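What follows is the residue order along each chain.
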Amino acid sequence: MHHFSSYNLHQAFRRLDGSKAIGIDQMTKQKYGEALRENIEKLSSEIDRGGWRPKPARQVMIPKPNGGWRPLAVGCLEDKIVQMLTAKILEAIFEPEFYRTSFGFRQGRSQHQAIAKVYKAIRERAKENVVVEMDIEKFFNTINHDKLMKLIETKISDVKFLRHLRRILRNSTLSEDGELLSNETGTPQGSPVSPILANIYLHYVLDAWFHNHWVDHGEMIRFADDALFVFKDEQKALEFRKALEKHLAEEGNIKLNAEKSGLIRFHSETREGNISFLGFTFYWGKNQRGRNKILRLKTAAKTLNRCMQTFYEWIRLERNRKRTKVLWQLAAAKLRGHYLYFGVSFNRNKLYHFYHSCIRALYKWLNRRSQKRSFSWERLSRRLMFEPLPLPLPWNALVDVTNGLGLGLKHKPKSRMRKSRTYGSQRSIGTQIPLFT
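Residues numbered from 1 in each chain as written. Predicted model: local features only at pLDDT ≥ 70, side-chain atom pairs only at ≥ 80, totals over all residues. Heavy atoms only, no water.

A word on the overall build of the chain. Counting its regular elements, the chain contains 13 helices and 13 strands. In terms of principal-axis extent, the alpha carbons of the chain reach across some 75 × 65 × 65 Å. Sorting the 437 residues of the chain into buried and exposed places 44% on the buried side. Split by element, the accessible area of the chain, about 25,200 Å² in all, is 49% carbon and sulfur. Distance between charge centroids for the chain: 12 Å, based on 77 positive and 43 negative side chains. (Helix = DSSP H or I, 4+ residues; strand = E, 2+ residues; numbered from the N terminus. Buried < 20%, exposed > 50% of the residue type's maximum accessible area, 1.4 Å probe, protein only. Areas by Shrake-Rupley, 256 points an atom, 1.4 Å probe, with all protein chains shown as cover. Lys, Arg positive; Asp, Glu negative; His and termini not counted. Charge placed at Lys NZ, Arg CZ, Asp CG, Glu CD.)

Quick look at the pattern of salt bridges now. Here the structure, examined in full by the defined rule, presents 14 salt bridges. Note that Lys-155 is salt-bridged to Glu-97, the shortest N-O span being 3.2 Å. Pair noted here: Lys-155 is in the loop between helix H6 (145-152) and helix H7 (159-169) and Glu-97 is in the loop between helix H4 (77-94) and helix H5 (111-124), with a separation of 58 residues, a long-range link. The class for Lys-155 is partly exposed, based on a relative accessible area of 41%. We note a salt bridge from Glu-245 to Arg-241, for which the minimum N-O separation is 3.3 Å. Residue Glu-245 and its partner Arg-241 are both found in helix H9 (residues 234-251); the two are separated by four residues, about one turn of the helix. Taking the relative accessible area as the measure of exposure, Arg-241 reaches 18% and is therefore buried. Several salt bridges share partner residues, and in doing so they unite Lys-117, Arg-125 and Glu-219 into one network. (Salt bridge = Lys/Arg side-chain N within 4 Å of Asp/Glu carboxyl O.)

What follows deals with the sheet that holds strand S9 (residues 275-277). Here three strands make up an open sheet; going across it, the order is S9-S10-S11 and the pairing antiparallel. Every interior strand has two partners, whereas the edge strands, S9 and strand S11 (293-299), have only one. Neighbouring strand axes in the sheet, compared pairwise and without regard to direction, differ in orientation by 35° on average. Across three bridges, S9 lies against strand S10 (residues 280-286) in antiparallel orientation. The residue of S10 that forms the bridge with Ser-276 is Thr-281. (Pairing = 2+ DSSP bridges. Axes fitted to C-alpha atoms, helices over the stretch in contact; angles between N-to-C directions.)

Turning to the confidence of the model for the chain, a few remarks are in order. With 91% of its residues at a pLDDT of at least 70, the chain reaches an overall mean of 86. Below pLDDT 50 for its whole length, residues 409-413 participates in six contacts with residues either more than four positions away or in separate chains. Within the model, the stretch residues 415-437 combines pLDDT values under 50 with eight contacts to residues more than four positions away or in other chains. (pLDDT = per-residue confidence, 0-100. Contact = heavy atoms within 4.5 Å.)

Let us look at the sheet that holds strand S3 (residues 130-135). The antiparallel open sheet is built from four strands, whose spatial order is S6-S7-S3-S8. The strands lining the two open edges of the sheet, one partner per strand, are strand S6 (218-223) and strand S8 (262-265). In this sheet, adjacent strand axes meet at a mean angle of 20° when their direction is disregarded. Of the pairings in the sheet, the one linking S3 to strand S7 (residues 226-231) comprises six bridges and is antiparallel in character. Pairing of Val-132 across the sheet is with Phe-229, part of S7. Each of S6 and S7 is contacted by H5, which is oriented at about 160° to S6, the strand it contacts most. The sheet strands contacting H9 are S3, S7 and S8, and the helix crosses S3 at an angle near 15°.

Turning our eyes to something else, we now look at a positive patch on the surface. Taken together, Lys-64, Lys-138, Lys-260, Lys-302 and Arg-306 make up a surface patch of like positive charges. Examined against the element boundaries, Lys-302 turns out to sit in helix H10 (residues 301-318). (Patch = residues over 30% accessible without salt bridge, like charges linked within 9 Å, V, L, I, M, F, W, Y side chains within 5 Å.)

Okay, helix H12 (residues 348-366) next. With 19 residues, H12 should cover 27 Å at 1.5 Å per step; its first-to-last C-alpha distance of 27 Å lies within 8% of that length. Of the positions making up H12, those classed as buried are Leu-351, Phe-354, Tyr-355, Ser-357, Cys-358, Ile-359, Ala-361, Leu-362, Tyr-363, Trp-365 and Leu-366. The inward-facing, buried residues of H12 contact H10, helix H11 (324-342) and helix H13 (377-386). (Expected span 1.5 Å × (residues − 1).)

Okay, the packing of aromatic side chains next. Applying the stated criterion to the full structure yields 20 aromatic pairs. Between the aromatic rings of Phe-229 and Phe-240, the centroid separation amounts to 4.7 Å while the plane-to-plane angle is 55°, which identifies the pairing as tilted. Here Phe-229 is found in strand S7, whereas its partner Phe-240 is found in helix H9, with eleven residues between them in sequence. The exposure class of Phe-229 is buried, given its relative accessible area of 0%. One aromatic cluster is present, formed by Trp-209, Phe-210, Trp-214, Phe-229, Phe-231 and Phe-240 through successive ring pairs. When the ring centre of Phe-103 is taken as reference, the NZ or CZ atom of Arg-109 above it lies at 5.2 Å. It is Arg-368 that lies over the ring of Trp-365; its NZ or CZ is 6.0 Å from the centre. (Phe/Tyr/Trp six-rings, centres within 6.5 Å; stacked < 30°, edge-to-face > 60°. Lys NZ or Arg CZ within 6 Å of the ring centre and 35° of its normal.)

Structure follows, in structure tokens:
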């Protein structure tokens, strides 16, 4: 608990995102920062004497992609500061214990690295490939507090810190109906401390168990509560599938999602389905010459449709609330965000699909801001010429997942064109050479 000093709390405040939703105290980062020194000193003193208690979090229900609702807990600003510092302390202790096969919510690791790891694991077992998919049903809401605390006590013996952590776990939630809900199980999803707690739980319950008993037969790639297990022997994969469900039910009180969990025979010659992971679909296609089969990936159909529908609904609702110039800038930002995530090897066609669907949505709803049409295709094309929306990334800027690292190209390929022998004001050659001497 000695790490909860004024300086560390101040650094945690600086790392907070001020654009996030506010809690029941209606306190923003800007308003809290007006008297930052006094507020931080008061908070530090309150934690030091053991009187700090988290305020009830505000519950927000957001729709899930496949239907249903996901509850998020929006905490107060001071609670976020304390939780962020708590998460940093837990990361410093448990991060060295985590395995390299875990990629979710870890510094220096990303979804692209997890995708590249899956690509490499499947390609190495091309002709004898069996993949076990795992998705945990309502994982963040079903974590057992007692089990989690016993796992944390293996590394931390500070009684005050453990009591502090239990207060965060058991913090009540104020529902949208005004009812105060107590949390007996689960972590406060949406809080800064929730990802590291989930990783600690799955590290001991799942990752360590796999590496102790099954690592010689297959390979595991996990991102948060989504995981793929790639095997070469179908019989071993079937045995693992049964053992996995039994182990999670007994050790972690975890239930698998039947719709998203299963076993797929993914041979390059005779495949029985495609592999979906983190919004991408892996499939066996052909190379550019159309001869040999090669492992390819693209944006999953459901994910692409959801992204297009989200953009469509956004422009429909915002078309009369903002000026065209502002809408154009926001549309460009949404396109760039889509390209940054889905801009990986073999996926340029789906990027162009998303781009053209956004252009059609803009054309449709910008013409419905009044009874008079605002744009024709000619006028829209002219605007795109002078104020272009970002196009999909070129092939040499896509994230390369074929190398197993999930990193983009650091340098552009060298051009085969001969360097121009011009002089004068050209600075790219090196020292400027005057034209007249």
